[in-house]
Amino acid sequence: MKLSFSLGKPKQTPAAPPSLKRPAAFALGDDEAIDAAPTSAAADRNAPANKKLLAQNVGTSKAMKKRIEAEKQVDMTVYEYDEVWDRMQEAKLRQKEAKERDALERKARQGAPGDTDY
């Protein structure tokens, strides 16, 4: 016995079965089409948005410059990443050399002839 319920929606005819062929990974779809040479109409539509973005970028860069200047007044070396890194590496190298010299001195003292503990 077949039992079915309906809530008043009309029956839809089945659509065409989906294609079994997979789309290419980098294929451009209709919505992703790239316009190599925009027309003047497209340029006119984007003009207000471009001006807005440009103004926003200029405002951001001015704010960024103010922030950088304020940070430099607190510490002049705040953006000297490479110099700080070089100083850190030099300090590590000096520590390593000092440890090697110390190890050689200890080794020389331990194996010195005439040093006997009787």
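Preceding block: the structure.
Here the structure is a predicted model, which means the values were calculated and not measured.

Calculation rules
- Residues numbered from 1 in each chain as written.
- Predicted model: local features only at pLDDT ≥ 70, side-chain atom pairs only at ≥ 80, totals over all residues.
- Heavy atoms only, no water.
- Helix = DSSP H or I, 4+ residues; strand = E, 2+ residues; numbered from the N terminus.
- Buried < 20%, exposed > 50% of the residue type's maximum accessible area, 1.4 Å probe, protein only.
- Areas by Shrake-Rupley, 256 points an atom, 1.4 Å probe, with all protein chains shown as cover.
- Salt bridge = Lys/Arg side-chain N within 4 Å of Asp/Glu carboxyl O.
- Patch = residues over 30% accessible without salt bridge, like charges linked within 9 Å, V, L, I, M, F, W, Y side chains within 5 Å.
- Phe/Tyr/Trp six-rings, centres within 6.5 Å; stacked < 30°, edge-to-face > 60°.
- Lys, Arg positive; Asp, Glu negative; His and termini not counted.
- Charge placed at Lys NZ, Arg CZ, Asp CG, Glu CD.

Bringing the overall build of the chain into the picture now. Scanning the chain for helices and strands turns up two helices and zero strands. Put simply, the chain has 118 residues, and 1% of those count as buried. Accessible surface, the chain: about 12,400 Å² in total, of which carbon and sulfur atoms supply 58%.

A full pass over the atoms with the stated rule returns two salt bridges. The partner of Glu71 in a salt bridge is Arg67, with the nearest N and O atoms 3.2 Å apart. Here Glu71 and its partner Arg67 are both found in helix α1 (residues 40-74), four residues apart, which amounts to about one turn of the helix. Notably, a salt bridge pairs Arg106 with Asp102, separated by 3.0 Å at the nearest N-O pair. Of this pair, Arg106 and Asp102 both sit in helix α2 (residues 81-110), separated by four residues, roughly a single helical turn. Classification of Arg106 by relative accessible area gives partly exposed; the value is 43%. On the basis of relative accessible area, Asp102 is assigned to the partly exposed category, the value being 33%.

Attention now goes to a nonpolar patch on the surface. A surface patch of nonpolar side chains, about 290 Å² in accessible area, is lined by Val84, Trp85 and Met88. Turning to its location among the elements, Met88 is positioned in helix α2. Residue Met88 is classed as partly exposed on the basis of its relative accessible area, which comes to 41%.

A few words now on the packing of aromatic side chains. Using the criterion set out here, one finds one aromatic pair in the structure. For the ring pair Tyr79 and Tyr81, a centre distance of 6.3 Å and an interplane angle of 85° mean the geometry is edge-to-face.

On the surface, a cluster of negative charge is contributed by Asp82, Glu83, Asp86 and Glu90. Mapped onto the elements of the fold, Asp86 is located in helix α2.

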